[in-house]
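Single-letter residue listing:
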Amino acid sequence: MAKLKSNDTWLSRIIPFGLYGQVKPHHFREMAAVVWENKTELPYAWDILRRGVCDGCSLGPYGLRDNVMDGIHLCTTRLKLLRLNTMEELNPSVLSDAARLRSLRQERLRSLGRLPFPMVRRKGDNGFSRVSWDEAVGLAAQAIHRTAPQRMGFFATSRGLTNEVYYVFQKLARTLGTNNVDLCSRLCHAASVYGLKATLGVGAPTCSLSDFIGTDLLVIFGSDLANNQPVTTKYMYYAKKKGTRIMVVNPMREYGLERYWVPSVLTSALFGTKLMDDFFQVRVGGDIAFINGVLKALIAMKRPDHEFITSHTRGFEELMRALDEQPWEMLEQRSGLPRLEMERFAQIYSLARSAVFVYSMGLTQHEFGVENVKAIVNLALARGMLGREKCGIMPIRGHSGVQGGGECGSEPDKFPGGFEVNEVNARRFSNLWRHPVPAAPGLRVPQMIEAAHKGELDFLYSIGGNLLETMPDRRFVSDALIQVPVRVHQDIVLNSSMLIDPSELVILLPAQTRYEQRGGGTTTSTERRIRFTPEIPGHRIGETRPEWEIPCLIGRKAMPNGELLFPYGDTQIIREEMSRVMPMYQGIEKLRKEGDALQWGGPYLFKGGQFSNMPDGRALFSVLEPPDRRASEGRFYLTTRRGKQFNSMTFSSVDRLMGSKTREAIFISPEDAERLGLDDGAPVIVRSETGEMSGVIQIAPVKSGTLQAYWPEANVLIGRRADPLSGEPDYNTEVELEKVQS
């Protein structure tokens, strides 16, 4: 059987920089490469790092600092994104041949440069032609005029946009008569919003990132923080210094969570830092079974916090009865772990005075994603780990706009400020905006794709994002988008979805980055902190416009009262309106300069166990039946993972945190590889009911019976199954694995 690598060996503690075969990034080499690729705009790049709020993940560092710890720090993800802000404009002539562009990989398309001018491509055209802003906006307005509101769709990325953009974008959709507006958080953390809202009354993280440091227990479910949010490794470094115990529940033993080399801490940069103290290797989809087993053990040990439960919750008696009827044998089979492991977790948890639970898409991207989130809530409530310092639930967001985009209303069933879409709240916003808005929830983005495929969507306006790459079942999505008569793509660079042939018309609208936009803007981090990011003088591209201004131009052209609905001359006026209509964002109008920030709800929610948005002010325990995701005989259950990338933007085919050299890697356990006679590097074909992909075997510390493959490449295998409550797609599927005979 193949011998697996480990980052936590005695050699890793004495040989510097992980040079003895450790699986780790080459931080300093990558930093040098970043300097080289930004060499023509180094002063501007430095100003972005020094003054701007990060446009990468949602931790929200401002400049080179944050609110969690003293000192300077940044991560390689942020550094790799710098190039989007410093690259030159593309030569418009390259857009004359769309067929040739479709043959290029995403990285190559992006590297062609920034979009400098409005462009259009009509049916039958080989490529795009340059037009004026007046003509481009006019064409979009004409399409709106002849389209019924229910046949329009609006979609926004969560990368790089500011709150002001989300606010005006959703206002445009709603004042045009549709709630068909959605955000790419639908694909990652919609389950968090619905699960937390249903059980705690607020669909947001309950604590602050600083609570990581000094909590007794930091428990990580379904997340590879070292890869997706590298700055958190520094938080974990200081947490370990304070005595925090880190437990990981995951199908893959992630090398970066075993031991990580934090580049801004000298001793860690040299010899690494052991992060993970305990590892519980659940099967994919086995988290509810595991958590139910932990709760069952806690109850048997008489260690729930009954005082907290009695005073601040409801539903615990029903949960206890349900757990009593769930046999250990079933929980073991569905979690993939023996009873002793669940009891071990419960024993550790029972002795903790404080705990923070962190999770990500390993929990949310399932058709039972909302139930997974409710299971985490059950675990926290059982020992009163909410409403106080160093305690809470932190759904860690991957993109800077996920939290703010939803709060600012870019969702089909919520108005700005978290108001549900219904008759009462529609009247409220109709009065505030002095224009009627619809009262029925709109289509979520998976439903928009289904509608497009049926020929029921005539106009689709996307700000950023790439639905072709990010949605399950790539062929279906392509067939759907090609049927939409008019597609408007507002973005800073090219992507593959823009190159799908037009049914009638495709419009490209070139935008500015958050650092270029007039008046700056605000962004909301994963810990509910709204921070001002200033306009940074310097690098500008062609005729690009601020992201917030472009929907306003279309609104003014498309509606008789557009000038009254979209009167904004800068982002300050937008923030003043947001403060009036969004009580949760009151104070945002005071954020005017670099360094200004506020944290809505304070450092932690539910102080003193007060769940004021819930009936009777009590949090809710949920009775949950564990799903069974064991694959059929001779098959595997495949889940998707991220590599050296940001969302669907891949930076490299090499993923040093997994030791892989190709995006076609198929990760398999040593036991399964030996059983099938597969060696590292063996070519294979992976098939599902949806499609197939060619891959290369990589033996890895993944749960037996499970395969992992990189997203979005593996989306060709993923069917269109989604969580029924949140609409979040399920990026997991049963597959068969076939060895390619040489």
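Provided above is the structure to which this section pertains.
Because the structure is predicted, anything quoted here is derived from the model rather than measured.

Within this model, the largest pocket holds a volume of roughly 580 Å³. In terms of lining, the largest pocket is formed by 26 residues, of which the most central are L104, Q106, E469, R474 and S496. Those elements that provide at least two residues to the lining of the largest pocket are α5 (106-111), α23 (467-470), α24 (474-481) and β25 (692-699). Of the residues that constitute the lining of the largest pocket, the class distribution is nine nonpolar, eight polar and nine charged. Each pocket or cavity is described by its volume, and for the second largest pocket that value is around 470 Å³. As for the second largest pocket, its lining consists of 28 residues, and the residues nearest its centre are V202, G203, A204, M584 and W600.

The next thing to look at is the pattern of salt bridges. Counted according to the given criterion, the structure contains 47 salt bridges. A salt bridge links K171 to E577, with the shortest nitrogen-to-oxygen separation between them at 2.9 Å. Note that K171 is positioned in helix α7 (residues 163-175) and E577 in helix α27 (residues 571-581), a separation of 406 residues in sequence. Each member of the pair, K171 as well as E577, is classed as buried.

This part covers unusual backbone geometry. Comment: phi is negative for the bulk of residues other than glycine, and the bulk of peptide bonds are trans. At the junction of W711 and P712, the peptide bond is cis and its omega measures out at 15° in the coordinates. Secondary-structure assignment places P712 in the loop between β26 (706-710) and β27 (732-739). Despite not being glycine, F606 shows a phi value in the positive range, around 65°. One can find F606 in the loop between β18 (597-599) and β19 (619-620). We classify F606 as buried; its relative accessible area is 10%.

Another point: the pairing of strand β3 (residues 152-156). Regular strands show a simple pattern: their side chains alternate between the two faces of the sheet. Of all five residues making up β3, five are buried, and the element is well covered by its neighbours. Burial along β3 is two-sided: the residues M152, F154 and A156 and G153 and F155 are all buried. Here five bridges tie β3 to strand β13 (residues 459-463), and the two strands are oriented parallel to one another. Opposite F154, over in β13, you have Y461 as the bridge partner. Where β3 lies against strand β4 (residues 181-183), three bridges are found, and the strand directions are parallel. Paired with F154 across the strands is V181, a residue of β4. Since β3 and β4 lie parallel, the crossover through α7 that links them has a hand, and here it is right-handed.

Thresholds applied
- Residues numbered from 1 in each chain as written.
- Predicted model: local features only at pLDDT ≥ 70, side-chain atom pairs only at ≥ 80, totals over all residues.
- Heavy atoms only, no water.
- 1 Å grid on protein atoms, 1.4 Å probe; cavity = no way out; pocket = protein on both sides within 12 Å on 5 of 7 lines; lining within 4 Å.
- Points joined across faces, edges and corners; volume = space filled by probe spheres on them.
- Helix = DSSP H or I, 4+ residues; strand = E, 2+ residues; numbered from the N terminus.
- Nonpolar A, V, L, I, M, F, W, Y, C, P; charged D, E, K, R; others polar.
- Salt bridge = Lys/Arg side-chain N within 4 Å of Asp/Glu carboxyl O.
- Buried < 20%, exposed > 50% of the residue type's maximum accessible area, 1.4 Å probe, protein only.
- Pairing = 2+ DSSP bridges.
- Right-handed = clockwise from strand over helix to strand, strands pointing away.

Honestly, that's just the spatial picture; any functional story needs more than this.
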